[in-house]
Amino acid sequence: MTILLPFLLQISKSAYANIEGDALYALRQAVKDPSNLLQSWDPTLVDPCTWFHVTCDSENRVTLLDLGNAKLSGNLVPELGKLERPEYLELYMNNFVGTIPSELGGLKNLISLDLFNNNLTGFIPPSLSKLSNLRFMRLNRNKLTGRVPRGLTKLHNLKIMDVSNNDLCGTFPTWGSFSKLTEESFKNNPRLGPELMGYVRYDDRDGN
């Protein structure tokens, strides 16, 4: 058994590496990459840890996806939710369109989610309220609509959240983790304002 253990551990690493490689390759297939920054993303390799713009830990699990200002365009794919231990998703200043995948709410180790300066539409997924380790969430300068999920107030590690310059509506909470935020985090959403204490809260029909 002692002899087999290193071999079994290696198989386990390879299995996770293949799952994560498939997830990242799904992103590559979904986007246009005029600068060929993703040229090294070869699905035939054992794991994605040798790919440019990808950082892994000692167990070959992806911890950083660094694709900020990469001139990419296309959709974010739900397969990103299959990454096992990402801490940083840096996808800002591109031309991503479509919705934010709700599957990102399953990335329990995530510390930073940077999607600002894209053309993302749709709602802020309520599933993001499951990201208990999240410290930085920047979704500003997109075309997001709908309400601010109130479950985000439970993210006690949250230090910076910016949803400014979207088309969000309704009110935003001013308690919990949001008590540390200023109105700058929500500015330039013409139909959005702070929730005043003592007033009836908006109907939470979106499950937020």
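Located above this text is the structure these notes cover.
Residues numbered from 1 in each chain as written. Predicted model: local features only at pLDDT ≥ 70, side-chain atom pairs only at ≥ 80, totals over all residues. Heavy atoms only, no water.

Asks: Got a minute to help me understand the packing of aromatic side chains in this structure?
Replies: Ring pairs (aromatic) are described by centroid distance and by the angle formed between their planes. Using the criterion set out here, one finds 4 aromatic pairs in the structure. Relative to Trp51, the ring of Trp41 lies with its centre 5.3 Å away and its plane at 25°, an arrangement referred to as stacked. Here Trp41 is found in the loop between strand 1 (31–32) and strand 2 (54–56), whereas its partner Trp51 is found in the loop between strand 1 and strand 2, with 10 residues between them in sequence. Each member of the pair, Trp41 as well as Trp51, is classed as buried. (Phe/Tyr/Trp six-rings, centres within 6.5 Å; stacked < 30°, edge-to-face > 60°. Helix = DSSP H or I, 4+ residues; strand = E, 2+ residues; numbered from the N terminus. Buried < 20%, exposed > 50% of the residue type's maximum accessible area, 1.4 Å probe, protein only.)

Asks: When you look at the pairing of strand 12 (residues 167–172) in this model, what are you seeing that I'm missing?
Replies: It is a general feature of regular strands that their side chains alternate between the two faces of the sheet. Relative to strand 12, strand 10 (residues 143–146) runs parallel, the two sharing 2 bridges. Across the sheet, residue Thr145 finds its bridge partner in strand 12, namely Asp167. Two strands pair when backbone bridges link them, and strand 12 and strand 13 (residues 191–194) are joined in this way by 4 bridges, in the parallel orientation. Looking across to strand 13, one finds that Gly170 is bridged to Leu192. (Pairing = 2+ DSSP bridges.)

Asks: Would you explain the side chain of Ser177 in this entry?
Replies: Looking at where Ser177 falls in the secondary structure, it is placed in the loop between strand 12 and strand 13. Residue Ser177 is classed as buried on the basis of its relative accessible area, which comes to 2%. Setting aside residues up to four positions removed in sequence, Ser177 forms contacts with Leu152, Thr153, Lys154, Leu155 and Leu158. (Contact = heavy atoms within 4.5 Å.)

Asks: Before we go on, may I ask you to explain the state of the cysteines in this structure?
Replies: What makes a disulfide is a covalent bond joining the sulfur atoms belonging to two cysteines. Taken as a whole and judged by the stated rule, the model has 1 disulfide. Disulfide pairing is shown between Cys49 and Cys56; the S-S distance is 2.2 Å. Note on the Cys49 and Cys56 pair: the S-S dihedral is about -95°, so by sign convention the disulfide is left-handed. (Disulfide = S-S within 2.5 Å.)

Asks: Would you mind going over the pattern of salt bridges with me for this structure?
Replies: Side-chain pairs of opposite charge can arise whenever the charged atoms involved come near each other. Considering all chains together, one arrives at 6 salt bridges under this definition. With a closest N to O distance of 2.6 Å, Arg85 and Glu59 form a salt bridge. One end of the pair, Arg85, is in the loop between strand 4 (73–75) and strand 5 (88–90); the other, Glu59, is in the loop between strand 2 and strand 3 (62–66), and 26 residues separate them in sequence. For Arg85, a relative accessible area of 25% gives the class partly exposed. A salt bridge links Arg150 to Glu195, with the shortest nitrogen-to-oxygen separation between them at 2.9 Å. Remark: Glu195 occurs in the segment after strand 13 and Arg150 occurs in the loop between strand 10 and strand 11 (160–162); sequence separation between them is 45 residues. For the pair formed by Arg150 and Glu195, the shared burial category is buried. (Salt bridge = Lys/Arg side-chain N within 4 Å of Asp/Glu carboxyl O.)

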